[in-house]
Amino acid sequence: MKNIDTEVRKMETDQKQPTPLSPEQIHQWENDGYLLLKNVVPESYINGVRDRFARVVDGIIDQLKEQGIVEDDGAELPFETRLLQVAGEHANRFGRSWRGQIATSEIFDLHYAGPLVDAIGQLTDTDVIGHPVFNARPKLPGQQLTVVPWHQDSGYFGTVSEQSLIPTAWIPLVPVDESNGCLQVVAGSHRLGVVDHHTENREGKFLEVMDELIEDSRIVTCPMEIGDALVFNNLTLHRSLPHTTSEIIRWAIDIRYLRDGDHPGSIYWKDPDFKWVIRSDTQPLTTLAQWLEMW
């Protein structure tokens with residue numbers, strides 16, 4: 001997908017959108033700390049991100065061919081399986097997050113998905129501001145490296161106020177369920193405030209919280225379809241399940257927004273005065289060129 005023209009984006013973001021969330025959804029957000037929003041990311045945005053991921057896979061396979069590890073590049077294989085089928089056991093070495101490789105126009109555009117931005121604006125009740133932290137990764141069948149334990153996103157942001165609101169939108173690029181690594185959340189756990197995290201002793205070395213913080217009766221499993229977004233509070237405990245099926249890679253990306261005026265955490269832009277304005281009636285909107293410069 002080509003980058004959205006700046007003037008077109010400005011027209012889209014300046015339009016007054018209908019209220020996307022019902023009173024029941026607002027109540028759920030306030031009480032449970034998450035919402036599973038159906039069909040809020042248009043297909044064009046999903047395809048753009050998939051295309052970007054596919055180009056990274058092209059580079060990985062070219063590298064493996066140059067090293068004499070693989071011969072057939074599997075160009076005819078579908079996006080959902082190609083990396084695994086061609087790279088096999090070597091796919092694991094290419095890491096758990098591709099953030100640096102995909103800080104591109106397609107990711108910038110994804111943050112502007114209209115129905116999702118409508119919802120974020122209603123949840124924050126401010127201008128819609130983008131946060132720099134996003135994660136993108138292939139989750140391979142049987143892979144321990146990408147099994148993420150229970151944690152709060154605030155655990156990764158460094159110093160951040162408990163009052164700061166940094167909503168995450170977790171967006172699958174393939175259908176997800178319990179068998180291929182969908183997410184689980186602990187409903188209402190955002191009311192715990194910021195909790196202590198430690199580094200797990202498994203392969204991924206992710207941050208995790210103590211098991212006694214998890215109330216089993218409040219665990220919610222979140223199967224999703226392409227176009228859905230799981231939005232949750234930065235204090236909501238969540239994790240990803242293991243991928244136990246064969247062949248199909250669980251492709252997903254998570255992006256974040258910031259309530260205007262809140263502390264974003266010490267992990268932020270290299271320019272502390274930079275603000276990524278996605279939708280506003282009063283502030284200039286950030287251009288793609290300005291965003292790319294921050295990367």
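Structure: above.
Residues numbered from 1 in each chain as written. Predicted model: local features only at pLDDT ≥ 70, side-chain atom pairs only at ≥ 80, totals over all residues. Heavy atoms only, no water.

1. Topic: the overall build of the chain
Where we set the bar: Put simply, DSSP marks the helices as runs of H or I at least four residues long and the strands as runs of E at least two long, and each gets a number from the N terminus on. Both definitions apply: the radius of gyration is a C-alpha atom measure, and the globule rule equals 2.2 Å times residues to the power 0.38. Partly exposed residues are those whose accessible area sits between 20% and 50% of the maximum for their type, while under 20% is buried and over 50% is exposed, using a 1.4 Å probe and protein chains only. Residue contacts follow a heavy-atom distance rule, with two residues in contact if any of their heavy atoms lie within 4.5 Å. Using a 1.4 Å probe, the Shrake-Rupley method yields the accessible areas, and only the shown protein chains count as cover for residues. For the charge count, each Lys or Arg is scored as positive and each Asp or Glu as negative, with His and the chain ends excluded. Just so you know, the charge point we use is NZ for Lys, CZ for Arg, CG for Asp and CD for Glu.
The number of helices and strands found in the chain is seven helices and twelve strands. Taken against the 2.2 N^0.38 rule, which gives 19 Å for 295 residues, the C-alpha radius of gyration of the chain at 19 Å falls within 12% of a compact globule. Each principal axis of the C-alpha distribution contributes one length, and for the chain these read about 55 × 50 × 35 Å. Looking at the 295 residues of the chain, the share that counts as buried comes to 53%. Considering only contacts in the chain between residues 6 or more positions apart, those separated by 24 or more positions represent 85%. On the chain, roughly 13200 Å² of surface is accessible, and the fraction owed to carbon and sulfur atoms is 48%. Of the side chains in the chain, 26 bear a positive and 45 a negative charge, and the two mean positions are spaced by 2 Å.

2. Some thoughts on the packing of aromatic side chains
Threshold: Two rings from Phe, Tyr or Trp (for Trp, the six-membered ring) form a pair when their centres are within 6.5 Å of each other. A pair whose planes differ by under 30 degrees is stacked, one over 60 is edge-to-face, and the rest are tilted.
The tally for this structure, following the rule as stated, stands at eight aromatic pairs. Measuring from centroid to centroid gives 4.8 Å for Phe79 and Trp251, while their planes differ by 25 degrees, and the two rings are stacked. You can see Phe79 sitting in the loop between helix H3 (43-66) and helix H4 (82-87) and its partner Trp251 sitting in strand S11 (residues 250-259), a full 172 residues away along the chain. Taking the relative accessible area as the measure of exposure, Phe79 reaches 15% and is therefore buried. The buried category is assigned to Trp251, whose relative accessible area is 0%. Three or more aromatic residues joined by ring pairs form one cluster here, namely Phe108, Tyr112, Phe134, Trp276, Trp291 and Trp295.

3. A word on the pattern of salt bridges
The line we're drawing: In what follows, salt bridge is the name for a side-chain nitrogen of Lys or Arg lying within 4 Å of a carboxyl oxygen of Asp or Glu.
Counted by the stated rule, this structure contains 13 salt bridges. We note a salt bridge from Asp58 to Arg82, for which the minimum N-O separation is 2.5 Å. Highlighted residues: Asp58 in helix H3 and Arg82 in helix H4, separated in sequence by 24 residues. Asp58 sits in the partly exposed class, given a relative accessible area of 33%. Among the ionic pairs, Asp153 bridges to Arg256, the shortest N-O distance being 3.1 Å. Within this pair, whereas Asp153 is found in the loop between strand S3 (135-139) and strand S4 (168-172), its partner Arg256 is found in strand S11, the two being separated by 103 residues in sequence. Of the two residues, Asp153 and Arg256, both sit in the buried class. One connected set of salt bridges, linked through shared partners, spans Arg52, Arg55 and Glu106.

4. Some details on the nonpolar core
Filter applied, for reference: The criterion is simple. A nonpolar core is a set of buried Ala, Val, Leu, Ile, Met, Phe, Trp, Tyr and Cys residues joined through side-chain atoms within 4.5 Å.
Counting 72 residues, the largest nonpolar core has Val41, Leu116, Ile171, Trp251 and Ile253 as the members making the most contacts within it. The biggest single contributor to this core is H3, with nine residues. Sequence-distant contacts of Leu116, defined by excluding residues within four places in its chain, comprise Val40, Val41, Ala169, Ile171, Ala229, Val231, Ile255 and Tyr257. Among the nonpolar cores identified, the runner-up in size contains eight residues, and Val133, Val160, Ile166 and Leu285 belong to it.

5. Here's the deal with the sheet that holds strand S10 (residues 238-240)
Test applied: The rule for pairing is simple: two strands pair if DSSP sees at least two bridges between them. Axes here mean lines fitted to C-alpha atoms, for a helix over just the part in contact, with angles spanning 0 to 180 degrees between N-to-C directions.
Read from one edge of the open sheet, three strands run S8-S5-S10, paired in antiparallel fashion. Because the sheet does not close on itself, it has two edges, and the strands there are strand S8 (219-222) and S10. Direction aside, neighbouring strands of the sheet carry axes that sit 20 degrees apart on average. Across four bridges, the pairing between strand S5 (residues 183-186) and S8 is antiparallel.

6. Here we look at the pairing of S11
With respect to burial, S11 is a largely interior element, nine of its ten residues being buried. Examined bridge by bridge, strand S2 (residues 128-130) and S11 share three bridges and lie antiparallel to one another. Following the sheet pairing, Gly130 is matched in S11 by Tyr257. For S3 and S11, the ladder comprises five bridges, and the chain directions are antiparallel. By the bridge assignment for S11, Asn135 is matched with Asp254. When S4 meets S11, the two strands line up antiparallel, connected through five bridges. Pairing of Ile171 across the sheet is with Ile253, part of S11.

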